[in-house]
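# Coordinate analysis (summary)
Here is how the chains run, residue by residue.
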Amino acid sequence: MSNIKILSGKDVSRKVYSELLPRIVLLKKKNITPGLAVILVGDNPASKVYIKSKARKFKSLGLFSETILLNQAIKESELCKIILSLNKNPKFHGILIQLPLPKHLNKNQILCKISPHKDVDGFHPENAGLLSQGVPRFIPCTPKGIMRIFKHYKISLDGKHVLVLGRSNIVGRPMSLLTSAKIDSANATTTVCHSGTENIENYTESADVVISAIGIPGYLKGSMLKTDAVIIDVGINRVKTDNDKGYSLTGDFDWNSIKNIVSAATPVPGGVGPMTIAMLVENTVEAAEQMIAIS
Ligand code: GUN
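The text that follows walks through the structure, step by step, so that each part is easy to find.

Let us look at the sheet that holds strand β2 (residues 35-41). The strands making up a sheet associate through backbone hydrogen bonding, with each pair oriented either parallel or antiparallel. In spatial order, the strands read β3-β2-β4; together these three strands make up an open sheet with parallel pairing. Only two strands of the sheet have a single neighbouring strand rather than two, namely β3 (64-70) and β4 (94-97). Across the sheet, the axes of successive neighbouring strands diverge by a mean angle of 15°, strand direction being ignored. Where β2 lies against β4, four bridges are found, and the strand directions are parallel. Considered in β4, the bridge of L36 is made with G94. The strands touched by helix α3 (residues 76-88) within the sheet are β2, β3 and β4, with β2 carrying the most contacts at an inclination of about 175°.

The following block contains the structure:
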């Protein structure tokens, strides 16, 4: 029988919200309601679902959020103008541009137009640089949420081999910086594998912790993993099924083959996803607090 420990992002996120509440109350006493602007360009169905759940969470916590839906064909100059006006708008402490953007838009050019003080995703080069120097301002939400899961479940990374699959600026790269940082809660030996890696099993088989953000449903099988490994599944892959929605969500790990091998795992859904939203709320609250501190 499998005695796998389920690392519930849903449970940890509830704790995060309860710890944020007094900070939100304090801000409201000062007539400040943390506010987030969410920009969606085009109508990517998965992005629409994500931004809806972000907006719902902000509302349920009494926070302010506004979604700005923009036409798929918007020009880069037009989008930059909108960002610059949001930078000046005091109602918004955070600005998020939902990724991916349509191909004709230069993501890096656009993300660096967001004020680094409102960059709650932590994607601005100034914030990415601060993180790589070990003095972060805003940490990207998914890797920050994963570190919080480790902390909550008292999973020590110290001296462990952590394998990160994927090297995106959203998950893989910041995840590798956080897990290998010379701090008590990290200090791992981190390996990054990506689409250019040959014989991925050479790395998965020796990893104590595997964090996958490759987006291939069921790619990682039990036979590729070390016994008692801890696995963190960032993959939220839509797989066609006959249910009402027409799809179901599946992670990067093949649950049937890993369940008798690994010691602990995040489920999909209910694992990393809720933590990404919780960290977005936390970063927005922090942005509002920092704005008072500098004004
Ligand atoms: N698309 C997938 N994950 C994210 C995220 O964390 N932030 C933004 N802005 N877009 C995403």
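Bringing the side chain of S8 into the picture now. Along the chain, S8 falls in the loop between β1 (5-6) and α1 (9-29). Sequence-distant contacts of S8, defined by excluding residues within four places in its chain, comprise Y153 and G270.

Moving on, we get to helix α6 (residues 141-152). For α6, built from twelve residues, the straight-helix expectation of 16 Å at 1.5 Å per residue is met to within 8% by its first-to-last C-alpha distance of 16 Å. Counting buried positions along α6 yields nine of twelve residues, so the element is predominantly enclosed. Considered for burial, the residues of α6 that qualify are C141, T142, P143, K144, G145, I146, M147, I149 and F150. Its buried side turned inward, α6 meets α1, α7 (172-180), β7 (209-212), β8 (230-233) and α10 (272-294). K154 lies just past α6 and shows a positive phi near 55°.

Turning our eyes to something else, we now look at the pattern of salt bridges. Close approach of charged atoms allows side chains of opposite charge to pair. Per the stated rule, a full pass over the model turns up ten salt bridges. Here E66 ties to K91 by a salt bridge, and the two come within 4.0 Å at their closest N and O atoms. Pair noted here: E66 is in strand β3 and K91 is in the loop between α3 and β4, with a separation of 25 residues, a long-range link. Here E282 makes a salt bridge to R148, at a shortest N to O gap of 2.7 Å. Placement of E282 in helix α10 and of R148 in helix α6 is noted, with a sequence separation of 134 residues between them. Relative accessible area serves as the criterion here: at 6%, E282 is assigned to the buried category. Ionic contacts of the salt-bridge type, sharing partners, join the residues K144, R148, E282 and E286 into one network.

Looking at chain direction, strand β9 (residues 237-240) and strand β10 (residues 247-250) are connected through four bridges and run antiparallel. What sits directly across from K240, in β10, is Y247.

Reading guide: rules and limits
- Residues numbered from 1 in each chain as written.
- Predicted model: local features only at pLDDT ≥ 70, side-chain atom pairs only at ≥ 80, totals over all residues.
- Heavy atoms only, no water.
- Pairing = 2+ DSSP bridges.
- Helix = DSSP H or I, 4+ residues; strand = E, 2+ residues; numbered from the N terminus.
- Axes fitted to C-alpha atoms, helices over the stretch in contact; angles between N-to-C directions.
- Contact = heavy atoms within 4.5 Å.
- Expected span 1.5 Å × (residues − 1).
- Buried < 20%, exposed > 50% of the residue type's maximum accessible area, 1.4 Å probe, protein only.
- Salt bridge = Lys/Arg side-chain N within 4 Å of Asp/Glu carboxyl O.

Everything listed here is a matter of geometry and, on its own, says nothing about what the molecule does.
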